[in-house]
Each structure stands twice: as C-alpha cells, then as structure tokens.
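Coordinate inspection notes
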Amino acid sequence: MIIGVVIGNVWATKKEDKLQGLKLMVVQRIDPADGARHESLVAADRVGAGIGEQVLVVTGSTARKALSRDDDIPMDAAIVGILDEIELTRGL
C-alpha cells in the first residue's frame, strides 16, 4: 500500500470502455516518517477523495479487484481510503 496526497484530477474524454465512470486522480506518494514527497501516479478513486487529502492507494491486481469484480480493468492503482491520522512510533 502507498500513502499519498491527492494533488489533482485527470480528465480523459476518450478512454478504454472499462474506465468509463471512474474518477481519476493524481496522487503524490509521501513518506509519512519525514513528509518527503516522491513520484506521482494516477489512481482511480473509489472513496470520494478530494485534492489535498491524504489517501491510501493499492496497486496491481489488488487495485483491479477494488475497481471491478471481473479483475479485467486496465488500471493499476486505486484510492481505497482517506486517512484521518498517521501515528508513528520512533526509536523502536
């Protein structure tokens, strides 16, 4: 799983039929230990996330299963949670 922050939307008027109806968001991976920002990716939103929210993203076959019962959708990232808080224990 990836922790990230939603930084934008993606609109595509022409796309694969199985992507119709999916809300596509740009998510930037963050390191919760130091807040560093890393690469960005496009993820289908399953939970109604908005720009600026911290989210939980799954990738690969797990994302396809989150998006479709038939596991046959051409998407490799899905937002599956909006994070309320991250608590880390340092020094263990």
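Scope of this entry: the structure provided in the associated data block.

1. Details of the environment of Gln 28
Mapped onto the secondary structure, Gln 28 falls in strand E2 (residues 23–30). A residue is classified by how much of its surface remains accessible, and Gln 28, at 16% relative accessible area, is buried. In this view, Gln 28 contacts Ile 3, Gly 4, Val 5, Ile 7, Arg 37, His 38, Glu 39 and Ser 40; residues no more than four positions away in its chain are not counted.

2. Quick word on the nonpolar core
A general trend in soluble globular proteins is that nonpolar side chains are found buried together. Listed in full, the 11 residues of the largest apolar core are Ile 2, Val 6, Met 25, Val 27, Leu 41, Ala 43, Ala 49, Val 55, Val 57, Ala 77 and Ile 79. Elements that contribute at least two residues to this core include exactly strand E1 (2–10), E2, strand E3 (37–45), strand E4 (54–59) and strand E5 (77–82). Every residue in contact with Val 27, bar those within four places of it in the chain, is listed here: Gly 4, Val 5, Val 6, Glu 39, Ser 40, Leu 41, Ala 43, Val 55, Val 57 and Ile 79. In terms of nonpolar packing, the next biggest core, distinct from the first, is built from 10 residues, Leu 22, Ala 44, Val 58 and Ile 73 among them.

3. So, the sheet that holds E3
Read around the closed barrel, the five strands follow the order E1-E2-E3-E5-E4; overall the barrel is mixed. Within the sheet, the average angular offset between the axes of one strand and its neighbour, ignoring direction, is 55 degrees. Strand direction decides the pairing type here: E1 and E2, joined by six bridges, are antiparallel. Bridging from a neighbouring strand, Val 6 pairs with Val 27 of E2.

4. Let's talk about the environment of Thr 59
With respect to the helices and strands, Thr 59 occurs in strand E4. Separated by 57 residues in the primary sequence, Thr 59 and Ile 2 have C-alpha atoms spaced 8.2 Å apart. Here Thr 59 is in contact with Ile 2, Asp 76 and Ala 77, once residues within four sequence places are set aside.

Calculation rules
- Residues numbered from 1 in each chain as written.
- Predicted model: local features only at pLDDT ≥ 70, side-chain atom pairs only at ≥ 80, totals over all residues.
- Heavy atoms only, no water.
- Helix = DSSP H or I, 4+ residues; strand = E, 2+ residues; numbered from the N terminus.
- Buried < 20%, exposed > 50% of the residue type's maximum accessible area, 1.4 Å probe, protein only.
- Contact = heavy atoms within 4.5 Å.
- Core = buried A, V, L, I, M, F, W, Y, C linked by side-chain atoms within 4.5 Å.
- Pairing = 2+ DSSP bridges.
- Axes fitted to C-alpha atoms, helices over the stretch in contact; angles between N-to-C directions.

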